[in-house]
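Here is how the chains run, residue by residue.
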Amino acid sequence: MAMVAGSCAAAAAVIPISSGRSLARAAQRLLACPLLPQTREPFPLATLTRSPSRGICQIAHALKPGPDSLLQGVGDKNVAEAVKNILDMARRASSRREVLHTDFLTPPVVKESMSALEKSSDIRAVAQGGYPQAERCRISVGHSDAMTTDPDVVAALSISGNFGFEACSHGDFLGAILGTGIVREKVGDILLQGEKGAQVLVVPELTEFLISALDKVGNVPVTCKQIPLLALEYEPPRTKSFKTVEASLRVDALASAGFKISRSKLVNLISAGDVRVNWSPVIKNGTVLKTGDVVSINGKGRLKIGEITTTRKGKYAVQLIRYI
């Protein structure tokens, strides 16, 4: 984008505008710049200045650095693409002096997006998931003058029923919600409450629909009602930490040790698409993990990779943190 601005600025700098006919020709030649129509956004009018002494138009500080310059260090292509879209949205919100909101995002996207947005001037960004430990959050972006308070973009629902004889899992509640026709991005965290049911975070505009449409989770009839965010019942996740020594940092080696299952079974789970790293499906057994990565397996929970050190024999001593 900066190269486009520079090439068009150079074209403008050599076009005299001392007469009406010359001004018309100058405008035609500037608009004929082949790169200009390909840009997604027009040049801000505030960045065009006129030099009375030379009688020419100049583009000064035409555009701020594009999103690509803020994505350095984001290794996952899917995460990078999501962050780029959020940065584009933030630029639109800032230029129009309005506030825009994302749907619920996965933790890696939230982390990388907030890190990139902190480097953008005149943009305020707020991530909200409904409670302090929320994993899935919505990001609100806008010009600092337009967003003076935290937007109200998360609602909470209580799903209750007689789950004493039939316990339902996180997947059961999520499946029931998605079964009403709602897409995953409209749903935040799900807080299980044992026999009582669960509390669910959603976008506010879908609360009335879910209250009327959600009537069963698994085989259990349920009732659904909206509750204040302050009524959410949550606690820090319980974890169990232990160490393993492995010859490699491959996902099949570390996840096998962390979940206490055979490597051959884990390979089958990867092939079936049941294994995720940082909330993205794993497609290769040889995917190398690093400190901070989160491995999840459908129906078996999550595992976080802690500190990694090398032993004298060249193997890896890895701290594994299992969520229980």
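Our structure is the block above this text.
Quick summary incoming for the structure in this document.

Cut-offs and rules
- Residues numbered from 1 in each chain as written.
- Predicted model: local features only at pLDDT ≥ 70, side-chain atom pairs only at ≥ 80, totals over all residues.
- Heavy atoms only, no water.
- Helix = DSSP H or I, 4+ residues; strand = E, 2+ residues; numbered from the N terminus.
- Buried < 20%, exposed > 50% of the residue type's maximum accessible area, 1.4 Å probe, protein only.
- Contact = heavy atoms within 4.5 Å.
- Areas by Shrake-Rupley, 256 points an atom, 1.4 Å probe, with all protein chains shown as cover.
- Axes fitted to C-alpha atoms, helices over the stretch in contact; angles between N-to-C directions.
- Parallel < 35°, antiparallel > 145°, perpendicular 65-115°, else oblique.
- Left-handed = near helix turned anticlockwise from the far one by under 90°.
- Nonpolar A, V, L, I, M, F, W, Y, C, P; charged D, E, K, R; others polar.
- Pairing = 2+ DSSP bridges.
- Core = buried A, V, L, I, M, F, W, Y, C linked by side-chain atoms within 4.5 Å.
- Polar contact = N/O pair within 3.5 Å; in protein donor to acceptor, adjacent residues only side chain to side chain.
- Phe/Tyr/Trp six-rings, centres within 6.5 Å; stacked < 30°, edge-to-face > 60°.
- Salt bridge = Lys/Arg side-chain N within 4 Å of Asp/Glu carboxyl O.

### Observations regarding the overall build of the protein chain
For step 1, the next point in the chain: Looking only at helices and strands, the protein chain has eight helices and 16 strands in total.
For step 2, the next point in the chain: In the protein chain, which comprises 324 residues, the share counted as buried stands at 40%.
For step 3, the next point in the chain: For the protein chain, long-range pairs separated by at least 24 residues make up 59% of all intrachain contacts whose partners lie at least 6 apart in sequence.
For step 4, the next point in the chain: A total of about 18,300 Å² of accessible surface is found on the protein chain, and carbon and sulfur atoms cover 53% of it.

### Quick word on the packing of helix α3 (residues 77-96) against helix α4 (residues 107-117)
For step 1, the next point in the chain: For the pair α3 and α4, interaxial distance at closest approach is 9 Å and the crossing angle is 45°. The angle between the axes of α3 and α4 places the two elements in the oblique class. Like other packed secondary-structure pairs, α3 and α4 cross with a definite hand, here right-handed. Where α3 abuts α4, its residues Val-79, Ala-82, Val-83, Ile-86, Leu-87 and Ala-90 lie against Pro-108, Val-109, Glu-112, Ser-113, Ala-116 and Leu-117.
For step 2, the next point in the chain: Residue composition of the contact of α3 with α4, by class: ten nonpolar, one polar and one charged.

### Digging into the packing of helix α7 (residues 251-259) against helix α8 (residues 263-271)
For step 1, the next point in the chain: Between α7 and α8, the least distance of the axes is 9 Å, while the angle of their chain directions is 115°. Relative to α8, α7 is oriented roughly perpendicular. Like other packed secondary-structure pairs, α7 and α8 cross with a definite hand, here right-handed. Of α8, the residues touching α7 (which contributes Val-251, Asp-252, Ala-253, Ala-255 and Ser-256) are Arg-263, Leu-266 and Ile-270.

### Some remarks on the sheet that holds strand β13 (residues 280-281)
For step 1, the next point in the chain: Across the sheet, six strands lie side by side as β11-β16-β15-β14-β12-β13; this open sheet has antiparallel pairing. Single-partner strands in this sheet number two, and they are β11 (239-246) and β13.
For step 2, the next point in the chain: Judged from the two bridges that link them, strand β12 (residues 275-277) and β13 form a sheet pairing that is antiparallel. Directly across from Val-277, in β13, lies its bridge partner Ser-280.
For step 3, the next point in the chain: Helix-sheet contacts for α8 involve β11, β12 and β14 (294-297), and the interaxial angle to β12 is about 80°.

### Re the nonpolar core
For step 1, the next point in the chain: In this structure, Leu-117, Ile-159, Phe-173, Ile-177 and Val-217 are the most contacted members of the largest nonpolar core, which totals 50 residues.
For step 2, the next point in the chain: Among the elements of the structure, α3, α4, β5 (138-143), β6 (155-161), α5 (170-178), β7 (187-192), β8 (197-202) and β10 (220-227) are those that each provide at least two residues to this core.
For step 3, the next point in the chain: For this core, the element with the most residues is α3, which contributes seven residues.
For step 4, the next point in the chain: Once residues within four sequence positions are removed from consideration, Phe-173 is found in contact with Ile-159, Phe-163, Cys-168, Ile-190, Leu-192, Gly-197, Ala-198 and Val-217.
For step 5, the next point in the chain: The next biggest cluster of nonpolar side chains, apart from the first, holds 21 residues, and it includes Leu-249, Leu-254, Ala-255 and Ala-257.

### Some details on the environment of Gln-199
For step 1, the next point in the chain: Note on placement: Gln-199 falls in strand β8.
For step 2, the next point in the chain: Judged by its relative accessible area of 4%, Gln-199 is buried.
For step 3, the next point in the chain: Taking the C-alpha atoms as reference points, Gln-199 and Ala-156, separated by 43 residues in sequence, lie 6.8 Å from one another.
For step 4, the next point in the chain: Not counting the four nearest positions on each side in its chain, Gln-199 is found in contact with Leu-157, Asp-189, Ile-190, Leu-191, Gln-193, Ile-227, Ala-231, Leu-232 and Glu-233.
For step 5, the next point in the chain: There is a polar contact of 3.4 Å between the side chain of Gln-199 and the backbone oxygen of Ala-231.

### A closer look at the packing of aromatic side chains
For step 1, the next point in the chain: The tally for this structure, following the rule as stated, stands at two aromatic pairs.
For step 2, the next point in the chain: Note on Tyr-131 and Tyr-234: the rings are 4.9 Å apart at their centroids and 40° apart in plane angle, and the pair reads as tilted. Pair noted here: Tyr-131 is in the loop between β4 (123-128) and β5 and Tyr-234 is in the loop between β10 and β11, with a separation of 103 residues, a long-range link.
For step 3, the next point in the chain: Residue Tyr-131 is classed as buried on the basis of its relative accessible area, which comes to 12%.
For step 4, the next point in the chain: Taking the centre distance of 5.3 Å and the plane angle of 45° together, the rings of Phe-163 and Phe-173 count as tilted. Taken as a pair, Phe-163 in the loop between β6 and α5 and Phe-173 in helix α5 lie far apart in primary sequence, ten residues in all.

### Describing the pairing of β14
Remember that side chains alternate between the two faces of the sheet whenever the strand is regular.
For step 1, the next point in the chain: Burial along β14 is two-sided: Val-294 and Ser-296 facing one way and Val-295 and Ile-297 facing the other are all buried.
For step 2, the next point in the chain: Direction of pairing for β12 relative to β14: antiparallel, over a ladder of three bridges. Each residue of the ladder has a partner; that of Val-277, found in β14, is Val-295.
For step 3, the next point in the chain: Where β14 folds back on strand β15 (residues 301-310), the antiparallel hairpin that results is connected by three residues, among which Gly-299 adopts a positive phi of roughly 85°.

### With respect to the pattern of salt bridges
For step 1, the next point in the chain: Counted by the stated rule, this structure contains seven salt bridges.
For step 2, the next point in the chain: Asp-150 is the salt-bridge partner of Arg-124, the closest N and O atoms lying 3.0 Å from each other. One end of the pair, Arg-124, is in strand β4; the other, Asp-150, is in the loop between β5 and β6, and 26 residues separate them in sequence.
For step 3, the next point in the chain: Residue classification places Arg-124 among the partly exposed residues on the basis of a relative accessible area of 27%.

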